[in-house]
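Summary of structural features
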Amino acid sequence: MDHDSALLELDEAFVQDPYSVYAKLAEEGPAHRVRMPPGVPLIGGLPVWVITGYDAVRAAFADPRLSTDLNRIDGLFAQKEPDSGKRGGFSKVIASHMMHTDPPDHTRLRKLVSKAFTGRAVQALRPQIQQVTDELIEALDGRDEVDFLDAFAFPLPIRVICLLLGVPVEEQGNFKDWSSALVSGHSPEQATAAAGAVAEYLGDLVERKRTATTDDILTALVAAHDLDDRLTTTELISTAYLMFIAGFETTLNALGNGTLHLMSHRDQWEALHQDRTLLPGAVEEFLRLESPLKHATFRCATENLTVGDAEIPAGDFVLLAIASANRDPERFGDPHALDVRRPAAGHLAFGHGIHHCLGAPLARIEVQMAFDSLLDAFPAMTLAADPGDLRWRNSTIIRGLESLPVRLR
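Everything numeric in this text was worked out from a predicted model, so none of it was measured.

Note that the residue after Pro103, namely Pro104, is joined by a cis bond; omega there is 10°. Relative to the assigned elements, Pro104 resides in the loop between α4 (92-95) and α5 (105-114). Even without being glycine, Asp334 reaches a positive phi, approximately 45°. Secondary-structure assignment places Asp334 in the loop between α16 (322-325) and α17 (360-377). Of the residues examined, Asp334 reaches a relative accessible area of 56% and is grouped as exposed.

Membership of the largest hydrophobic core comes to 96 residues, with the highest contact counts inside it found for Phe148, Phe244, Leu262, Leu272, Phe286, Phe371 and Leu404. When residues in this core are grouped by element, the largest group, 15 residues, is from helix α13 (residues 233-264). What Phe371 contacts, discounting residues up to four positions off in sequence, is Leu255, Gly258, Thr259, Leu262, Trp269, Leu279 and Phe286. Formed by 20 residues, the second largest nonpolar core is a distinct cluster that contains Ile51, Ala60, Leu66 and Leu305.

The subject of this paragraph is the sheet that holds strand β12 (residues 382-383). Taken in spatial order, the three strands make up an open sheet running β7-β13-β12, and their pairing is antiparallel. Lying at the two open borders of the sheet, with one neighbouring strand each, are β7 (145-147) and β12. Direction of pairing for β12 relative to strand β13 (residues 405-407): antiparallel, over a ladder of two bridges. Across the sheet, Leu383 pairs through a bridge with Val406, a residue of β13.

Let us now look at the packing of aromatic side chains. Applying the stated criterion across every chain, the model contains seven aromatic pairs. Taken together, a centroid distance of 5.6 Å and an interplanar angle of 35° make the contact between Phe148 and Phe152 tilted. With Phe148 and Phe152 both in helix α8 (residues 148-153) and four residues apart, this pair spans about one turn of that helix. Note on Phe148: relative accessible area 3%, which makes it buried. For Phe152, a relative accessible area of 0% gives the class buried. Ring geometry for Trp178 versus Tyr201: centroids 5.8 Å apart, planes at 45°, classification tilted. Of this pair, Trp178 sits in helix α10 (residues 175-184) while Tyr201 sits in helix α11 (residues 188-211), and the two are 23 residues apart along the sequence.

Scoring rules and cut-offs
- Residues numbered from 1 in each chain as written.
- Predicted model: local features only at pLDDT ≥ 70, side-chain atom pairs only at ≥ 80, totals over all residues.
- Heavy atoms only, no water.
- Helix = DSSP H or I, 4+ residues; strand = E, 2+ residues; numbered from the N terminus.
- Buried < 20%, exposed > 50% of the residue type's maximum accessible area, 1.4 Å probe, protein only.
- Core = buried A, V, L, I, M, F, W, Y, C linked by side-chain atoms within 4.5 Å.
- Contact = heavy atoms within 4.5 Å.
- Pairing = 2+ DSSP bridges.
- Phe/Tyr/Trp six-rings, centres within 6.5 Å; stacked < 30°, edge-to-face > 60°.

Written as structure tokens, this is what we have:
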């Protein structure tokens, strides 16, 4: 009998409620052999190790034996046509970014992009973020019931990241469909088509930046490539792709998930309405309680390693369960409760170590400013659906809702 045939499958029930599965796994230790569900694009049916618990996940983030190098995880994205230049339908052009590299390439790529996300650079964006926020709230004026995600949580971060990349406003319309297909699509074909469309669009945008330059990070990266050859064309397009996906998915889901929990705990909403100094800490609590990424991107063990009582062989694939770590009762008291006064610092929603999210300062500012404006504009906002009827997106990585109906008044 195939030993892997009896593995726990991370199926639809897991997608809708991962925490009960994590709690069961935690009784057995920090490392668990599981199977990805067959319907998940690219990695359906794949046996993987899932690392749970705060200490184990944090240590795994910093373990150099767990590689994110795309060239090491070829087996994960194996093709029937090995010379096609694609992995799992994802062209190398968009899959060669810093999240799929190890040092020294990772160090070089991160250094080039990091200047766009320094504290000073993010603070300089505040007027533009506030303008976008105000415009979105103004568009809601007079409306009663809306899907919060469609009407606010999606367009805010996508417009901000498009400002950073220098994407013309009139060309932003396809980004939602592309993102949905890439991170929570229902078939490999959808993901492949979206990946191809994104690669084609970003390749064209890069070419336009060479001649029609604007004051944005993508233009600066193009200049770094053209003048110093520090970025290959593939790396340039792939880095733009990473900023496109990572630049708004975290913020989108932090806004949606935070709103869901605040609407379900009115005392917490009212506390923020009365005392805005609680907002910075509340944002950390939203990120901890319902982490926008329930798992980090795939790792591959480069040598045999021991996690708890489990022996993970070299070559096996590993997922780090951020959502489990951030609700570990050994690290956070009453971990399943929302408490905007909780000192939630130290959560792993943005990762840890060399792959700690570069865009974390931007995401924090966007979410904080958004809730500050929402509390002013719609203090009586409530859910327009039973929380039990809401569905979570079918994604290995993302923890985000499919929709979030709210009444604004």
